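Survey of secondary and tertiary structure
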Amino acid sequence: MLGQMMDRPLLISMIARHAEQWHANREIVSVTADQPRHRYTFREALTRARKLSNALTRGGIKHGERIATLAWNDFRHFEIYYGVSCAGFVCHTINPRLFEDQIAYIANHAQDRWLFLDPAFVPLIETLQPRLPLIEKFVVLTDDAHMPATRLPNAISYEALLAQESGDFDWPDFDENTASSLCYTSGTTGDPKGVLYSHRSTVLHAMSAALPDSMNLSSTQTILAVVPMFHVNAWGLPYLGAMVGAKLVFPGAKMGDPETLQQLIESEGVTFAAGVPTVWQGLIAHLEKSGKRVDSLKRVLSGGSAVPVALMDQMRDKYGVEVVHAWGMTENSPLGTVCSFSPEVHRLPVAQREAQRGKQGRAVFGVEVKIVDENDTALPHDGKAFGALKIRGPWVASGYYKSGDSAAFDRKGWFGTGDVATFDPFGYMQITDRTKDVIKSGGEWISSIELENLAVAHPAVAQAAVIAIAHPKWQERPLLVIVPKPGQKPAREELLNFFVGKVAKWWIPDDVAFVDKLPLTATGKLSKLQLRQQFQDYKLPESTPGR
Ligand code: AMP
C-alpha cells in the first residue's frame, strides 16, 4: 500500500522558488573583475536566472544538454547554476586549474554546447577553441563595457545576452532524477571522470548539510563560499544558502587572497565560511602579520584534506573561530561526515575531547559508511582497525558519466572511496590515508596523514608530507618531506625526535627531506603522486624502525 502524500518532485527550482518568495531581500555579495563589490538580492538573482533560462531555450538548448562554465565564485555563476538546471539543462562546471588537455577532453566528453567563461580565461579558450568543435557559443561573464576583444566565434557578453530576455520563465516540473549538474574528478591515472548529480540528490544533500550537526546553517548566517563553484558545486553552498535564506558572499577570483577574505568577512559580517585547510592557513598568516581581526566569523567548515589540530587551536584560541572538520568527495556531492560533538564526546575529559576535533567526524544523515578489510568484511569501530572506506546513499554516485570504469562500485551497491579510515567507539571516523598513499611497513599500515598532522605542529614546520620509500627489508618506510617556515632551519634529528612518545616507535619516519614547496593538484591538494615521482630514487639511510 502506498502512502497518500503528494508526489511533488524534488527539483532545484523548488529551492529557487522558495528563496524568491521567502528570502527575497536577502543579499548576495560578490567580487568580480568588472565590479569590486556587486550587491543584490535573491529575488533579483533568480529573476536574472529566469532570463538565462529564456536565453538558453531560445538558443535551442534541449532538455538534458550540457552547458559549461569556466568561472570563479560570483553572482553570475550563481545565476547560471539556477538558470541552467531549473530549466532542465545540465550545468557542467569545469575547473580552470586543470591542464589544457584535460579541459579539452572534459568539454568534448560532456558534449558541452555553450561555454560561460570568466574574461580572464578568454586567452586560454582562444588557444583551445580549435579543439572544442562542439561548443557553439561563448558567453563572457561581464558586460559590453568590459568585454575583451576576442576571436572566439559567437562570443557575447553575459549582460548583453540577458538584456534581450524576459524575467518570466515558468520552470517546468520533470522527474526529480533528471541530471542537474556535472563535475569531473581527476583520478591519479586515466582521464577525468564525470559525476552527474541529479535534482533529487542535490536537494536531499542540501537538506542534510544544513542540519545543526552538519553545517548548522540558517537565515541568520552570512556564508562566505571559499570553496570553488567548479569543485563539487561549492560543497552545495549556493543551494544551501538559498534554501535556508542565508546571505551569500562570493570572493570571485580573489578566493586565494587572504586580504580580500579578511575584508569581506569584516565588511559583510560573515559568520560561517567553508574551504580547504590551505585557505585557513593563509588567512591566519595574514591576520598574524597584519594584526587584523575576523570577529564576526564564528565557524569554519574545513574539508578536502585533513586539517591539523594545531591550526584549529590557533583559530579558536586567538581569533574565536571554531574550525569544524568535515570529509567529503566529488562522488558524494560532497558531504559525508562532520566532526560535531555528540553528548558522549562533550562529556569526555578535555584532552580527549579536544583530540576528537582532528577526526573527520560522524556520518551525516543520508550517507551510510563502513570500513572493510581485503575480503570486504566490515571492521570493528575500535579506533584501531584500518579499512577501506565504503559509502552509499541517495547523493552518492552510482557510476561515472559515459564511462565503463565501474571498479569502485561493488555489487551490493556500495562505492569504494579509495580512502582508508578508522572508526572509534563514539562513531567518529578518522581518515588515515588514501589507499594508494598508505605506507606498508613489514605488512603493517602506517598513517601518513597522522604523521603529517604531528609534523606541522612543530614550530619550525610550515608544511609536511609523508610518503613511502621502498625498503629492502620492510617493503616501505616513511620519509618526511617538509617545507620549513621562513627563516627556520630545523635539524633532522630534532624533527624526528618530535615524534617520540606521540606515535608507535616503528611509525617514526626514517629520514627527513627539506623542500621549498610541495607539488599541488588542480584542486589545490598535495599531489603525493608527483612527490613520490620526485623522490623515486631516494635512498633511505641505514636504520631500523623503532629508533
Ligand atoms: P575530491 O573529490 O577532489 O573532493 O577529493 C576527495 C578526497 O579528498 C577524499 O576521498 C579524501 O581522500 C580527501 N578528503 C576530503 N576531505 C578530507 C578530510 N577532511 N581529511 C582528509 N582527507 C579528506
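Calculation rules
- Residues numbered from 1 in each chain as written.
- Predicted model: local features only at pLDDT ≥ 70, side-chain atom pairs only at ≥ 80, totals over all residues.
- Heavy atoms only, no water.
- Near = heavy atom within 4 Å.
- Polar contact = N/O pair within 3.5 Å; in protein donor to acceptor, adjacent residues only side chain to side chain.
- Areas by Shrake-Rupley, 256 points an atom, 1.4 Å probe, with all protein chains shown as cover.
- Helix = DSSP H or I, 4+ residues; strand = E, 2+ residues; numbered from the N terminus.
- Buried < 20%, exposed > 50% of the residue type's maximum accessible area, 1.4 Å probe, protein only.
- Contact = heavy atoms within 4.5 Å.
- Salt bridge = Lys/Arg side-chain N within 4 Å of Asp/Glu carboxyl O.
- Domains from an automatic or database assignment.
- Axes fitted to C-alpha atoms, helices over the stretch in contact; angles between N-to-C directions.
- Parallel < 35°, antiparallel > 145°, perpendicular 65-115°, else oblique.
- Left-handed = near helix turned anticlockwise from the far one by under 90°.
- Nonpolar A, V, L, I, M, F, W, Y, C, P; charged D, E, K, R; others polar.
- Pairing = 2+ DSSP bridges.

1. Some points on the site of the ligand
Within the structure, the ligand sits among 14 residues, and Ala326, Thr330, Asp419, Arg434 and Lys525 are positioned closest to it. The separation between a nitrogen atom of the ligand and a polar main-chain atom of glycine 304 is 3.0 Å. At a separation of 2.8 Å, a nitrogen atom of the ligand approaches a polar side-chain atom of glutamine 360. Coverage of the ligand by the protein chains reaches 89% of its 500 Å² of free accessible surface.

2. Let's talk about the side chain of histidine 199
Along the chain, histidine 199 falls in helix H7 (residues 199-209). You can call histidine 199 buried: its relative accessible area is 0%. Leave out the neighbours within four places in its chain, and histidine 199 touches Leu10, Leu11, Ile12, Ser85, Cys86, Phe174, Glu176, Thr178, Ala179 and Ser180.

3. A short note on the side chain of serine 198
Following the sequence through the fold, serine 198 ends up in strand S9 (residues 193-198). Of the residues examined, serine 198 reaches a relative accessible area of 13% and is grouped as buried. Here serine 201 takes part through its backbone nitrogen, which lies 2.9 Å from a polar atom of the side chain of serine 198. Excluding its chain neighbours within four sequence positions, the residues that come into contact with serine 198 are Glu176, Asn177, Thr178, Ala179 and Ser180.

4. Thoughts on the pattern of salt bridges
Evaluation of the coordinates by the stated rule reveals 36 salt bridges. Arginine 50 is the salt-bridge partner of glutamate 20, the closest N and O atoms lying 2.7 Å from each other. One end of the pair, glutamate 20, is in helix H1 (residues 12-22); the other, arginine 50, is in helix H2 (residues 42-58), and 30 residues separate them in sequence. Take glutamate 20 and arginine 50: they sit in the same class, and that class is buried. In this structure, the salt-bridge partner of glutamate 165 is arginine 58, at a minimum N-O distance of 2.7 Å.

5. Describing the domain arrangement of the chain
Here the chain is described as being made up of domain 1 (9-199 + 208-255) and domain 2 (437-534). Centre-to-centre, using C-alpha coordinates, domain 1 lies 39 Å away from domain 2.

6. Quick look at the packing of H1 against H2
Where H1 contacts H2, the axes come no closer than 8 Å and their chain directions differ by 135°. In terms of orientation, H1 lies oblique with respect to H2. Regarding H1 and H2, the two cross each other, and that crossing is left-handed. On H2, the residues touching Ala16, Arg17, Ala19 and Glu20 of H1 are Phe42, Arg43, Leu46, Thr47 and Arg50. Its residues assigned to classes, the contact of H1 with H2 comprises four nonpolar, one polar and four charged.

7. Describing the sheet that holds strand S19 (residues 415-423)
Where strands meet in a sheet, backbone hydrogen bonds hold them as pairs that are either parallel or antiparallel. Taken in spatial order, the four strands make up an open sheet running S17-S18-S19-S20, and their pairing is antiparallel. The open sheet has two edge strands with one neighbour each: strand S17 (368-372) and strand S20 (429-434). If you compare each strand with its neighbour and ignore which way they point, the axes differ by 45° on average. Bridge count for S19 against S20 is five bridges, and the pairing is antiparallel. Looking at the pairing, valine 420 lines up with aspartate 433 of S20.

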